[in-house]
Amino acid sequence: QKEVEQDPGPLSVPEGAIVSLNCTYSNSAFQYFMWYRQYSRKGPELLMYTYSSGNKEDGRFTAQVDKSSKYISLFIRDSQPSDSATYLCAMSEVSFNKFYFGSGTKLNVKP
Amino acid sequence: DAGITQSPRHKVTETGTPVTLRCHQTENHRYMYWYRQDPGHGLRLIHYSYGVKDTDKGEVSDGYSVSRSKTEDFLLTLESATSSQTSVYFCAISESIGARQGRNTEAFFGQGTRLTVV
């Protein structure tokens, strides 16, 4: 079993829709949770960063962490065609700079 | 953007030849990583470094070696390239633990090297 599981999609939505992207994990020691966005033929770029449980909002993006369920989510409101990309979740433990990535979900927002 | 440069950006090589990929950073970050990205597998850690001359294996290290003689440079070597090593390779960096008020820090990625082994 992989440490981090992520539905690969692809996920296709109309412009303006609310998008929900999710990851599950098995390691209860994970404390840091990240979402990366990767455009085609580019490197991943950090989108959101959350420590422990709770929510974090940044513009149209909201990251949620539910440690009791070992489940994290990224919500995108008012999705735009420019949001079309692959979204990767990543996690790490406290005091250990090693990152575990999901396989990525490919999102397509149609105009 | 974090100062990370990967070279070359594209390479085609023949099976059995040695190949070295270079990652150069200007951020003075302690940790450096090499990942490979393949369809259906996401990002998989090959090797990482937690300081000059300090390296360790990741989950897919067979067939790869690394070296870090300076803080800013992390080299990935395929000793004898095989077709299964055709992939996109990403270098990443992160700060040391506690560098930012006791928090762990995120990884920043380079633009990738597309390697084809024929």
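Residues numbered from 1 in each chain as written. Chains lettered and ligands numbered in written order. Predicted model: local features only at pLDDT ≥ 70, side-chain atom pairs only at ≥ 80, totals over all residues. Heavy atoms only, no water.

> Tell me about the interface of chain A and chain B, and name the residues and values.
Facing the 22 residues of chain A at the interface are 27 residues of chain B. Between chain A and chain B, the buried area comes to about 1,900 Å², and carbon and sulfur atoms account for 53% of it. Where chain A meets chain B, there are zero salt bridges. Viewed at the interface, chain B and chain A are joined by two residue pairs in polar contact (both at pLDDT 80 or more). Elements represented by at least two residues in the side of chain A that touches chain B include exactly β4 (30-38), β5 (45-51) and β9 (85-93) of chain A. A total of four residues in the side of chain A that touches chain B trace back to one element, the largest contributor, which is β4(A). Residues that form the side of chain A that touches chain B fall into these classes: 10 nonpolar, seven polar and five charged. (Contact = heavy atoms within 4.5 Å. Buried area = accessible area lost by both parts, 1.4 Å probe. Salt bridge = Lys/Arg side-chain N within 4 Å of Asp/Glu carboxyl O. Polar contact = N/O pair within 3.5 Å; in protein donor to acceptor, adjacent residues only side chain to side chain. Helix = DSSP H or I, 4+ residues; strand = E, 2+ residues; numbered from the N terminus. Nonpolar A, V, L, I, M, F, W, Y, C, P; charged D, E, K, R; others polar.)

> Can you break down the state of the cysteines residue by residue, with the values?
Residue and element names in this part refer to chain A. In the structure shown here, the tally under the stated rule is two disulfides over all chains. What pairs with Cys-23 in a disulfide is Cys-89, and their sulfur atoms sit 2.0 Å apart. Torsion about the S-S bond of the Cys-23 and Cys-89 cystine: about -100°, corresponding to left-handed handedness. Here the residue Cys-23 occupies a position in strand β3 (residues 19-25), and Cys-89 occupies one in strand β9, the gap between them amounting to 66 residues. Across the pair, Cys-89 and Cys-23 agree in class, each one buried. (Disulfide = S-S within 2.5 Å. Buried < 20%, exposed > 50% of the residue type's maximum accessible area, 1.4 Å probe, protein only.)

> Describe the packing of aromatic side chains, naming the residues involved and giving the relevant values.
Residue and element names in this part refer to chain A. As enumerated under the stated definition, the model contains 16 aromatic pairs over all chains in all. Here Tyr-32 and Tyr-51 contribute two aromatic rings whose centre-to-centre distance is 4.8 Å and whose plane-to-plane angle is 40°, an arrangement assigned as tilted. One end of the pair, Tyr-32, is in strand β4; the other, Tyr-51, is in strand β5, and 19 residues separate them in sequence. The class for Tyr-32 is buried, based on a relative accessible area of 4%. Judged by centre distance (5.7 Å) and plane angle (50°), the rings of Tyr-36 and Phe-101 are tilted. Of this pair, Tyr-36 sits in strand β4 while Phe-101 sits in strand β10 (residues 100-101), and the two are 65 residues apart along the sequence. Here Phe-101 falls in the buried class, since its relative accessible area comes to 7%. (Phe/Tyr/Trp six-rings, centres within 6.5 Å; stacked < 30°, edge-to-face > 60°.)

> Explain the pairing of strand β5 (residues 42-51) of chain B to me, and be specific about the residues and the numbers.
Here is the key point about a regular strand: its side chains alternate between the two faces of the sheet. All names here are of chain B. Burial analysis of β5 places nine of its 10 residues in the buried class, the great majority of the element. Counting the residues between successive antiparallel strands, the hairpin from strand β4 (residues 31-38) to β5 contains three residues, one of them, Gly-40, with a positive phi of roughly 85°. The pairing of β5 with strand β6 (residues 54-57) spans four bridges and is classified as antiparallel. Across the sheet, residue Tyr-48 finds its bridge partner in β6, namely Asp-56. (Pairing = 2+ DSSP bridges.)

> I'd like a description of the sheet that holds strand β8 (residues 71-76) of chain A, backed by residues and values.
All names here are of chain A. If you walk across this open sheet you meet the five strands as β1-β3-β8-β7-β6, and the pairing is antiparallel. For this open sheet the edge positions go to β1 (4-6) and β6 (54-58), each flanked by a neighbour on one side alone. Direction aside, the axes of adjacent strands within the sheet are offset by 15° on average. When β3 meets β8, the two strands line up antiparallel, connected through six bridges. The residue of β8 that forms the bridge with Leu-21 is Leu-74. (Axes fitted to C-alpha atoms, helices over the stretch in contact; angles between N-to-C directions.)

Read these as layout, nothing more, since geometry by itself doesn't imply function.
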